[in-house]
Amino acid sequence: MRFFMWLALIVMPLLASTEAYKNLSLEEAISILKKDNLEINVAKFDEKIKTFEHEIAVGYSYGKLDLTQSAMRSNDAGNVFGFKLQSREASFADFGFSEFLNHLPSPLDPSVLEVQPKDLNYPKARNHFQTKLQYQLPIYTGGKLEQYGKITKALEKMSRLDTQKVVNEKIYQLKKSFFDIYLLNSYLHNLQIIRNNMIKLENMAQSMIDEGYAKKVDLLEVQSKKANVIRMLNQAKANKKLVYHFISFLLNAKVNSIAGSYEVIQPKILDKDKILNQNLDIKKAKQGLAITDMAIDLQKAANLPQVGAFVEYSSADNTFLGNFADHDAYTIGMQLKWNLYNGGIDQKSIEKARVKNLKVRSQVDLAIKGIALHVDKILTEIKSYDFDINSLEKEIELTRTIYKNYLGRYQEKLVSINDVIIKQSLEIEKVLKLKEIENHRSDKILELDKIADGENR
């Protein structure tokens, strides 16, 4: 029993996570999108990488502390003598003084200086263990490390803007998909009305044929038009399924149905200056300009001296950590490095950075003017679509009234079935045109919302 309880605790959350969403509202969908969309998650990983890169750049200013533990064994004369010196255990015997004294004649024979001391040249193999702690600190780098820190911080901020742009793009796609479904539902509703009217007309034509007032061709024309309407219905339903598949892809979860209905959307921001101030592309361009300013200061640092300091503490012995305090040693030092001449490369690098700064400054101005022009174009298109939609809604109402009138006249044998079908075709044409314009209008409004950084408004 306990096993089944644990199994239920593990399996139930997994089943819940794969459960399809039903009657999902747009607000709920946006919340799921931010949490589970794969592209947004990838962008967040990139953002985290930039954060670590900034922390790495800042970390260089605090210097570096290294611990080195060496373990060696050698009978090389230079190594053995060096090991003893580092261990503070060298003696006169290591220089071969014992052999020198043994060969020392009286009076002094100059040939004794030619004796090769065996203790020095052929020492016994020796173990050597050295523990070394070394700290290096950059004291002055001409501002190079400070600029690296500022640049990586700016890149981190730019990465957040990139992430927000991905979020805005996915929210735009999600909203568009929701409104596509709302519009398809409205379109299906209108097609269903037309289909029902065609069924009534078909029944009417059949009755009139039975009574001898109409021909078989009249019925065939009606059935052909009805088949065309049914085909359009099936296409619309298939498109609706495709949109649901795309929503499921965006949310990384199965979505069977959504809640809400189509409402005429109005632009939430009409002030162009406010839109431009909030636009992510402009913010990114300005951030890029700030980075080029920092790059100039970074290149200037190459002409300035660099000063560093280091402290080293160590101890060595022929046994691991043996006589540590007696054999310890320290070294303290500073180093100044100043590049006085390198063929003018540093100065040219500064000028190159300045030219790039001017280029980016022009690109920022161009981006602002280009986006401002695009906003004006979208606002103008929305107003034009508003006029077209209002006009088409009245035209659809008129064509529907005319169709009913012609249907009655057909019953009275005043017009042909072809005349009725023509009027029905006009209504279908107007309904299709209305759907197309409503789609365009919703796309433009959602695009305007995305340009204005709708996620953070």
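Refer to the preceding data block for the structure.
Calculation rules
- Residues numbered from 1 in each chain as written.
- Predicted model: local features only at pLDDT ≥ 70, side-chain atom pairs only at ≥ 80, totals over all residues.
- Heavy atoms only, no water.
- Helix = DSSP H or I, 4+ residues; strand = E, 2+ residues; numbered from the N terminus.
- Buried < 20%, exposed > 50% of the residue type's maximum accessible area, 1.4 Å probe, protein only.
- Contact = heavy atoms within 4.5 Å.
- Areas by Shrake-Rupley, 256 points an atom, 1.4 Å probe, with all protein chains shown as cover.
- Core = buried A, V, L, I, M, F, W, Y, C linked by side-chain atoms within 4.5 Å.
- Pairing = 2+ DSSP bridges.
- Axes fitted to C-alpha atoms, helices over the stretch in contact; angles between N-to-C directions.
- Arc of directions from axis to C-beta.
- Polar contact = N/O pair within 3.5 Å; in protein donor to acceptor, adjacent residues only side chain to side chain.

### Side note on the overall build of the protein
Across its full length, the protein holds 12 helices and four strands. Per-residue burial over the protein gives 37% buried out of 457 residues. Partitioning the contacts of the protein with sequence separation of at least 6, the portion at a separation of at least 24 is 84%. Summed over all atoms, the accessible surface of the protein reaches about 27800 Å², with 58% contributed by carbon and sulfur.

### Some thoughts on the nonpolar core
In this structure, Leu174, Phe178, Leu201, Ile247, Leu251, Tyr410 and Val420 are the most contacted members of the largest nonpolar core, which totals 56 residues. Mapped by element, the contributors of at least two residues to this core are helix H2 (26–36), helix H7 (144–210), helix H8 (216–251), helix H11 (345–411) and helix H12 (417–451). Per-element tally for this core: the top contributor is H7, with 18 residues. Residues Leu276, Ile282, Ile371 and Ala452 belong to the second largest nonpolar core, which totals 13 residues.

### So, the environment of Lys200
Note that Lys200 resides in helix H7. Owing to a relative accessible area of 53%, Lys200 belongs among the exposed residues under this scheme. With 22 residues separating them in the primary sequence, Lys200 and Val222 have C-alpha atoms 10.0 Å apart.

### Things to note about the sheet that holds strand E4 (residues 328–337)
The strands that make up a sheet are held in pairs by hydrogen bonds between backbone atoms, and each pair lies either parallel or antiparallel. Ordered in space as E1-E2-E3-E4, the four strands form an open sheet in which the pairing is antiparallel. Strand pairing shows two members of the sheet lacking a second neighbour, strand E1 (64–74) and E4, which therefore form its edges. With direction set aside, neighbouring strand axes in the sheet form an average angle of 20°. The sheet contact formed by strand E2 (residues 126–140) and strand E3 (residues 306–317) spans 11 bridges and is antiparallel. Looking at E3, one finds that Tyr135 is bridged to Val311.

### So, the environment of Glu146
Among the secondary structure elements, Glu146 is positioned in helix H7. Taking relative accessible area as the criterion, Glu146 reaches 48% and is therefore assigned partly exposed. Taking the C-alpha atoms as reference points, Glu146 and Tyr60, 86 residues apart in sequence, are found 9.8 Å from one another.

### What to know about the pairing of E4
Taken across its 10 residues, E4 has one buried, putting it largely on the surface. Sheet topology places E3 next to E4; 10 bridges connect them, and they run antiparallel. Note that in E4 the partner of Tyr313 across the bridge is Tyr330.

### Concerning helix H4 (residues 77–86)
Listed in full, the buried residues belonging to H4 are Val80, Phe83 and Lys84. Along the axis of H4, the buried positions cluster into a sector of 95°, meaning they face one direction only. Structurally, the start of H4 carries an N-cap: the backbone nitrogen of Gly78 is 3.0 Å from a side-chain oxygen of Asp76. Of the residues one or two after H4, Arg88 is the one with positive phi, at around 60°.

### Some details on H2
Among the residues of H2, those classed as buried are Leu26, Ala29, Ile30, Ile32 and Leu33. An end-on view of H2 places all buried positions within 165° of arc, on one side of the element. When the buried face of H2 is taken as reference, the exposed residues oriented beyond 90 degrees from it are Glu27 and Lys35. Packed against the buried residues of H2 are helix H3 (38–59), H7 and H8.

### Comments concerning unusual backbone geometry
The phi dihedral of Asn23 falls on the positive side, at around 50°, and the residue is not glycine. For Asn23, the position within the fold is in the loop between helix H1 (2–17) and H2. Exposure remark for Asn23: the relative accessible area of 55% places this residue in the exposed category. The backbone of Leu321 shows a phi angle near 60°, a positive value even though the residue is not glycine. Here Leu321 is to be found in the loop between E3 and E4.

Geometry only, nothing functional implied.
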